[in-house]
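Topology and contacts: notes
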Amino acid sequence: MTDFAATKSLFHIPKGVIYLDGNSLGVLPKTAGNRAKEMIEQEWGEMLIRGWNDAKWMEQPERVGNLVARLIGAAPGTVVMGDTLSIKVYQALASALEMRPDRKVIVSDNGNFPTDLYMADGLIKSLGRGHVLKTPNPEDVESLINEDMAVLMLTQVDYRTGRMHDMKRLTDLAHAAGALVIWDLAHSGGAVPVDLAGCNADFAVGCTYKYLNGGPGAPAFIYVRPDHAKVARPALSGWLGHAAPFAFDPDYTPAPDVSRMRVGTPPVIQMTVLEEAMKAWDGVDMADIRKRSIELCEQFIAGVEANCPMLELASPRNPQERGSQVSFKFDQGYAVMQALIARGVIGDFRAPDVIRFGFTPLYIDKGDVDGAVKILAEIMEIRAWDKPEFHKRNAVT
């Protein structure tokens, strides 16, 4: 069994804080600051431009991509880092649509994270070829899979409720219908076991500032199935996705592998922090992560339902059907979350009425769960949330 006491010791958690928001922004690895300082002072400061070769900055997107690949069931050399999740969604969808030129339907769901739907809508308008984006309820996705569909684009774990799609089943159904599949792993990578290769997924994208603890603005990743990587046109034909960037050829020739999905200059400082953060995963088994995650979530649900009957469970009750988060509904959910944060229990709020808690076994334990339940129960019992300062909306909820 993974030693979670040992992994917790690797992270900085402010005194007096129970942090249940790692599904939005992970905590700081204790060694990240020194590594960033070392990179800035010794690599950038002393090596200057030589750092691209001597510190191997140019290879970093592939090197870190391999670290992420291990956690999402992907083979080495099939994941590359860079840019933002929105950019990677655009790349994956543009490539997939081009690979199915005779089909015009994109199927997602109305629980998908808005940026994925925004990027799809923008791409459709730019292409102007009559593509249609369909967004049924998550439970109705399967009924729309047919021979008209070009691409199935889903986030595996719903950002509001934690509801989890069956990746293998839906991928198989889409392939049987002749379509391609894109999986957004923003709430999966480092949270639940993922087997992209075993599921035969076509494309996958994800961010690294949540469960992977890469820090705010940490670069995104993209996975391309090896046989697609030789033919998928990256749409955003950036300099560093070229087969030979320093040939300075005026004509674009894509790299022969997933590196063609690189676009611009990698964010070396931020990627260095992410690379350091990934060391926390050394020796960690994703099966252990999943087992402990379910234990923590079940403990939290039981405690909240026993002490806060006014809160309604918004996440699937069956632990096999949800990711590593638990959400409850309450009509004054925003104020409740602000009251919790004021007491040192940090989660977040998602409109219109969802209070959301992430459970990250690398640094959350059963004592944290008990403490969070106790404080939440006290807040609900005396309506401590019903104060003017807790109703004032901040820019980030």
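Rules used in this analysis
Residues numbered from 1 in each chain as written. Predicted model: local features only at pLDDT ≥ 70, side-chain atom pairs only at ≥ 80, totals over all residues. Heavy atoms only, no water. UniProt positions renumbered as here; feature names shortened; annotations may be inferred. Helix = DSSP H or I, 4+ residues; strand = E, 2+ residues; numbered from the N terminus. Buried < 20%, exposed > 50% of the residue type's maximum accessible area, 1.4 Å probe, protein only. Contact = heavy atoms within 4.5 Å. Salt bridge = Lys/Arg side-chain N within 4 Å of Asp/Glu carboxyl O. Patch = residues over 30% accessible without salt bridge, like charges linked within 9 Å, V, L, I, M, F, W, Y side chains within 5 Å. Areas by Shrake-Rupley, 256 points an atom, 1.4 Å probe, with all protein chains shown as cover. Pairing = 2+ DSSP bridges. Axes fitted to C-alpha atoms, helices over the stretch in contact; angles between N-to-C directions. Phe/Tyr/Trp six-rings, centres within 6.5 Å; stacked < 30°, edge-to-face > 60°. Lys NZ or Arg CZ within 6 Å of the ring centre and 35° of its normal.

If you look the protein up in an unreviewed UniProt entry, it shows as Kynureninase from Thalassospira indica. In its Cofactor (unreviewed entry) section, UniProt records this for the protein: "pyridoxal 5'-phosphate". Annotation of the protein in UniProt includes, under Subunit (unreviewed entry), the sentence "Homodimer."

**Concerning the UniProt feature "modified residue: N6-(pyridoxal phosphate)lysine" (unreviewed entry) in the protein**
In the numbering used here, UniProt assigns the feature "modified residue: N6-(pyridoxal phosphate)lysine" (unreviewed entry) to Lys210. By secondary structure assignment, the location of Lys210 is in the loop between β9 (203-206) and β10 (221-224). With relative accessibility at 10%, the residue Lys210 sits in the buried group. Those residues in contact with Lys210 that sit more than four places away from it in its chain are Gly22, Asn23, Ser24, Leu25, Gly26, Ala186 and His187.

**Digging into the pattern of salt bridges**
A side chain of one charge can pair with a side chain of the opposite charge when the charged atoms of the two come close. Per the stated rule, a full pass over the model turns up 23 salt bridges. Between Lys8 and Asp368 there is a salt bridge whose closest N-O contact spans 2.9 Å. Here Lys8, found in helix α1 (residues 4-8), pairs with Asp368, found in helix α13 (residues 366-381); they are 360 residues apart in sequence, far enough to count as distant. Lys374 is the partner of Glu378 in a salt bridge, and the nearest nitrogen-oxygen pair spans 3.1 Å. Within this pair, Glu378 and its partner Lys374 are both found in helix α13, separated by 4 residues, close to a single helical turn.

**Comments concerning the UniProt feature "binding site: pyridoxal 5'-phosphate" (unreviewed entry) in the protein**
Sites flagged by UniProt as "binding site: pyridoxal 5'-phosphate" (unreviewed entry) map to Leu85, Ser86, Phe113, Pro114, Thr115, Asp116, Thr155, Asp184, His187, Tyr209, Trp239 and Thr265. Look at the named residues: they lie 181 residues apart in sequence, and the longest C-alpha span between them is 30.0 Å, so in the fold they stay spread out. With near-sequence residues (within four places) excluded, Ser86 lies in contact with Thr115 and Met119. Structurally, the position occupied by Thr115 is in helix α6 (residues 114-127).

**Observations regarding a nonpolar patch on the surface**
A contiguous nonpolar patch, built from Ile40, Trp44, Leu48, Ile49 and Ile269 and spanning about 500 Å² of accessible area, is present on the exposed surface. Tracing the chain through its elements places Ile40 in helix α2 (residues 32-47).

**Observations regarding the sheet that holds strand β5 (residues 105-107)**
Judged by pairing direction, the sheet is mixed, and its 7 strands sit side by side in the order β4-β10-β9-β8-β7-β5-β6 without closing on themselves. One side of each edge strand has no neighbouring strand; the edge strands of this open sheet are β4 (79-81) and β6 (132-134). Averaged over all pairs of adjacent strands, the angle between strand axes in this sheet comes to 20 degrees, irrespective of strand direction. Pairing analysis gives 3 bridges linking β5 to β6, with the strands arranged parallel. Residue Ile106 lies in a different strand from β6, and its bridge partner there is Leu133. Contacting β4 and β10, helix α4 (residues 60-71) crosses the sheet at an angle of about 125 degrees to β4.

**Some details on the packing of aromatic side chains**
If you walk through the whole model with that rule in mind, you get 11 aromatic pairs. For the ring pair Trp239 and Phe246, a centre distance of 5.2 Å and an interplane angle of 65 degrees mean the geometry is edge-to-face. Residue classification places Trp239 among the partly exposed positions, given a relative accessible area of 39%. Here the aromatic rings of Tyr334 and Phe349 are separated by 5.6 Å at their centres, their planes lie at 85 degrees, and the arrangement is edge-to-face. Here the residue Tyr334 occupies a position in helix α12 (residues 333-342), and Phe349 occupies one in strand β14 (residues 348-350), the gap between them amounting to 15 residues. Across the pair, exposure class does not vary: Tyr334 and Phe349 are buried alike. Taken together, the aromatic side chains of Phe300, Phe328, Phe357 and Phe359 make up a single cluster linked through ring pairs. Across the ring face of Tyr334, the terminal group of Arg393 is positioned such that the distance to the ring centre comes to 4.5 Å.

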